[in-house]
Amino acid sequence: MAEDWVRVASAADVAKGQVIGVRVGDRDVALCRTRDGALHAIDNICTHEYARLSDGWLEDDELECPLHAGKFDVRTGEALCPPVETNVDRFEVKTEGRDIFVRIP
Ligand code: FES
């Protein structure tokens, strides 16, 4: 349903190769735009210890945690390398006009 989608940013707020942190209700979400222009949204809190992934580095489809360099695939939320072992949640994201929306189940 349309009301499930929450506007989180303007398209101009997140450039290619950039990640920003946004709030959706009580969730902290990392909104990523990869170099090909695709948008992805995953949980912003690392599953290893407490760190915000939006403070890390986005390279291609991989988001590196700023604390211990664990990496997640922003397309799936998959944990890619130690010390992270647990995936982060992945959320649906869409653009309408100049607005970006995320849907949290
Ligand atoms: S807190 Fe993210 S890798 Fe340790």
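Here, the structure is the one placed above.
Residues numbered from 1 in each chain as written. Predicted model: local features only at pLDDT ≥ 70, side-chain atom pairs only at ≥ 80, totals over all residues. Heavy atoms only, no water.

Draft legend 1. Summary view of the pattern of salt bridges. Summed over the entire model, instances satisfying the criterion amount to 10 salt bridges. The residue Arg27 makes a salt bridge to Asp43 at a minimum N-O spacing of 2.5 Å. Of this pair, Arg27 sits in strand β3 (residues 27-33) while Asp43 sits in strand β4 (residues 39-43), placing them 16 residues apart in sequence. When its relative accessible area of 23% is taken as the criterion, Arg27 is described as partly exposed. Residues Arg75 and Asp61 are paired through a salt bridge, measuring 3.2 Å at the closest nitrogen-oxygen approach. Taken together, the positions of Arg75 in the loop between β7 (71-73) and β8 (79-81) and Asp61 in the loop between β5 (57-59) and β6 (62-64) put the pair 14 residues apart, joining distant regions of the chain. The exposure class assigned to Arg75 is partly exposed, which follows from its relative accessible area of 41%. Members of the salt-bridge network, linked through shared partners, are Arg27, Asp43 and Asp89. (Salt bridge = Lys/Arg side-chain N within 4 Å of Asp/Glu carboxyl O. Helix = DSSP H or I, 4+ residues; strand = E, 2+ residues; numbered from the N terminus. Buried < 20%, exposed > 50% of the residue type's maximum accessible area, 1.4 Å probe, protein only.)

Draft legend 2. View of the sheet that holds strand β10 (residues 99-103). Spatially, six strands are ordered β1-β10-β9-β4-β3-β2 in an open sheet, and the strand pairing comes out antiparallel. The open sheet is flanked by β1 (5-10) and β2 (18-24), the only strands paired with a single partner. The average angle at which neighbouring strand axes cross in this sheet is 30°, direction not considered. Pairing between β2 and β3: seven bridges, direction antiparallel. When the sheet's bridge partners are listed, Val22 is paired in β3 with Val29. (Pairing = 2+ DSSP bridges. Axes fitted to C-alpha atoms, helices over the stretch in contact; angles between N-to-C directions.)

Draft legend 3. Expanded view of the pairing of β4. In terms of burial, β4 is a largely internal element, five of the five residues being buried. Sheet analysis places β3 next to β4, joined by five bridges and oriented antiparallel. Following the sheet pairing, Cys32 is matched in β4 by His40. Hairpin remark: β3 followed by β4, antiparallel, with five residues in the connecting loop; positive phi at Gly37, about 95°.

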